[in-house]
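Topology and contacts: notes
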Amino acid sequence: MAVSLLTKYAADFVAPHEVEAIAPQVAAAHATLHQGTGLGSGYLGWLDLPIHYDREEFARIQQAADWIQQNAQVLIVIGIGGSYLGARAAIELLRSPQYNCIKKNTPDIYYAGNSISPTHLSEILEICEGKDIAVNVISKSGTTTEPALAFRVFRDLLEKKYGKEGAKKRIFATTDKAKGTLKELSDREGYATFVIPDDVGGRYSVLTAVGLLPIAVAGADIAALMEGAAAAREAYMDFDMEKNDVDRYAAYRNILYRKGRSTELLVSYEPAFTMMNEWWKQLFGESEGKDNKGLFPASVVFSTDLHSMGQFIQEGSRVMFETVVQFKEPRKDFFIPDDPENLDGLNFLSGQNMSIVNRRAFEGTVLAHTQGGVPNLVLEVKDTHEFAVGWLIYFFEKPCGISGYLLGVNPFNQPGVESYKKNMFALLGKPGYEEMRAALEARLQK
Ligand code: PA5
C-alpha cells in the first residue's frame, strides 16, 4: 500500500458504532459507483482509466513531450480548473514547486489562461521574449473564456514568431475527440490533438492527456504514475469497511460532517504539496458543494501556516477536522549543522536529519490539535515519486465519488459554475444578453 489511512487521531470524535452505523450507506454508495446507477453516471470513465486508457495516444503523448523537450525552452500550459490544476499539482509534487528554477534539462513551464489578469499574462509574455516556445492548450469545451483569451494571445505570438507553418508544430491541443471550437480550429490548422474522454470530467482528468502531456514534458515518468493509479484501483475495488481505506475515508468524513464539522482542512508538511491542495479543493469542492450541502474544502501547509492559521485551528470555532497527508520519505534530506556558539540554542538538533524535525512537528501538532478538539485523519504516503503520487490521485478520486452519493448529490456535475459566466458575458455586452445586462447594471448602481 503506497497510501494508508490512520484514524486513531479521530477516535475521540468518532465511535466504532458510528462507523458500523454508516457502513451500509457507504457500501451502497460504493456499489452505486461501480454499477453506474447513480447521478452523473455518464462521467465514470476515471474509475477504470488507469487500466483502460488509449495506449496509442499514450505513446503519442510521450513523443510529443520528447519533441517539446528538444525544441522548446518554455512550455506554456493554457487551461483552467480541471484542465490545469492536476498537471501543475503533479509537476510540483514530483519535481519541485521551484521547478522553473531548479537545474534540469527539461523546459520551464508557465501556466496561462487560469485567470483574466492582464498583469499575469503580460509577465508570462515578457518571460517568453527571446525563447523558443511550445503551447499546450487544454480545454474540453474549447469555449472557456480564460484559456480561450490566453490562447488567442499565444497563437498570435507563435504565428508572428515562427510563421503559420512553424507555429502549428508548436501548438498541442488537448480537447474533445470530435466536437468544440478548439477541436475544429486544431483540425483546420493542423495542430496535434489529444483527447479528453467524454466520460471523464475536468476535475477527474489528470490521468488523461490533460495532465499527462505537461507532466511528461516536466520529465516525470507517466507510465509509473499510471501504474500507481492502477494498483490503487485494484486495492480499493471491493467494499470493505475495515480494510478499504477509500471506504473508511468516505465514512469518517461524512460522519464528521453530520456532527457539525463543516470544513475539511487538508494539511501537508511539504510545500511541494501546495498545488495538490488546490487540485484536491476543486475535486471535492466541485463534487460535493451543491444543493446547499457539502464539506467546505480548505488547506494549509505546515509548519508555514502554523504561524498564521495555527491559532485558529488550535482554539478558534470548532468547525473543522483535518486530513493530514504525511509523506514517509522526503525527496531530499540533510543534516542540521552544529554551531559552536549555539546562539539559537538549537545544538540539541546538531547532526539530526531535518526530516526528523519535520516529523516531530507533525506529531506534536496532531497531538495539540486533537487535544484542542480537532479530529485528525492521517494519510501516510510512501514518498513523492510517481507510483505513490498516481496511487494518491486515485485514492482521492474514489472517495470523492462515494462521498457525493453519501451526501445525496451528483458528484460529477458543476451547475453553479455557470452563474458568474452568464453575468460576466452580460456585463461585457455579449449579443443575446441585453436584457440581463440592463438588470445587472441596475443592481450595480443601487
Ligand atoms: O471540472 C471542471 O469541469 C472544470 O474545472 C473545467 O475543467 C474548467 O472549467 C475548464 O473547462 P474546459 O476544459 O471546458 O475549458
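The sections below set out a description of the structure shown in this document. In this text the structure is predicted, and so the values were computed from the model without any measurement. (Residues numbered from 1 in each chain as written. Predicted model: local features only at pLDDT ≥ 70, side-chain atom pairs only at ≥ 80, totals over all residues. Heavy atoms only, no water.)

1. With respect to the overall build of the protein
Of the regular secondary structure elements, the protein holds 16 helices and 10 strands. A globule of 446 residues ought to have a C-alpha radius of gyration of about 22 Å, and the protein, at 23 Å, matches this closely. By its C-alpha atoms, the protein is 65 × 60 × 55 Å across when sized along the principal axes. Here the protein holds 446 residues, and the buried ones make up 52% of them. Counting contacts in the protein only where the partners sit at least 6 residues apart, residues at least 24 apart contribute 78% of the total. Within the structure as shown, the protein displays about 20100 Å² of accessible surface, and the carbon and sulfur contribution to it stands at 53%. Here the protein contributes 46 positively and 56 negatively charged side chains, and the mean placements of these two sets differ by 5 Å. (Helix = DSSP H or I, 4+ residues; strand = E, 2+ residues; numbered from the N terminus. Rg over C-alpha atoms; globule rule 2.2 N^0.38 Å. Buried < 20%, exposed > 50% of the residue type's maximum accessible area, 1.4 Å probe, protein only. Contact = heavy atoms within 4.5 Å. Areas by Shrake-Rupley, 256 points an atom, 1.4 Å probe, with all protein chains shown as cover. Lys, Arg positive; Asp, Glu negative; His and termini not counted. Charge placed at Lys NZ, Arg CZ, Asp CG, Glu CD.)

2. Some details on the sheet that holds strand β6 (residues 192-195)
Sheet architecture is open: 5 strands sit in the order β3-β2-β4-β5-β6, paired in parallel fashion. If you trace the sheet from one side to the other, it starts and ends with β3 (108-112) and β6, each paired once. Going across the sheet, the axis of each strand differs from the next one's by a mean of 20°, ignoring polarity. Where strand β5 (residues 171-175) lies against β6, 4 bridges are found, and the strand directions are parallel. (Pairing = 2+ DSSP bridges. Axes fitted to C-alpha atoms, helices over the stretch in contact; angles between N-to-C directions.)

3. Side note on the packing of helix α8 (residues 209-217) against helix α9 (residues 222-235)
Axis separation between α8 and α9 bottoms out at 10 Å; the angle between their running directions is 135°. Considering the angle they form, α8 stands oblique to α9. Contact with α8, carried on its side by Leu-212, Ile-215 and Ala-216, involves Ile-222, Leu-225 and Met-226 of α9 and no other residues of that element. When the residues that make up the contact of α8 with α9 are grouped by side-chain class, the tally is 6 nonpolar, no polar and no charged. (Parallel < 35°, antiparallel > 145°, perpendicular 65-115°, else oblique. Nonpolar A, V, L, I, M, F, W, Y, C, P; charged D, E, K, R; others polar.)

4. Observations concerning the packing of aromatic side chains
Centre distance and the angle of the planes are the two values used to describe a pair of aromatic rings. In total, this model carries 24 aromatic pairs according to the counting rule given. Centre to centre, the rings of Tyr-236 and Trp-391 are 5.9 Å apart; their planes meet at 85°, and the pair counts as edge-to-face. Placement of Tyr-236 in the loop between α9 and α10 (245-258) and of Trp-391 in helix α14 (residues 386-407) is noted, with a sequence separation of 155 residues between them. In terms of burial, Tyr-236 and Trp-391 fall into one category: buried. (Phe/Tyr/Trp six-rings, centres within 6.5 Å; stacked < 30°, edge-to-face > 60°.)

5. Side note on the nonpolar core
Ranked by internal contacts, the top residues of the largest apolar core, which has 96 residues, are Trp-279 and Phe-396. Every residue in contact with Phe-396, bar those within four places of it in the chain, is listed here: Tyr-249, Leu-266, Trp-279, Trp-280, Leu-283, Phe-284, Val-325 and Leu-379. Formed by 21 residues, the second largest nonpolar core is a distinct cluster that contains Ile-76, Ala-112, Leu-121 and Tyr-191. (Core = buried A, V, L, I, M, F, W, Y, C linked by side-chain atoms within 4.5 Å.)

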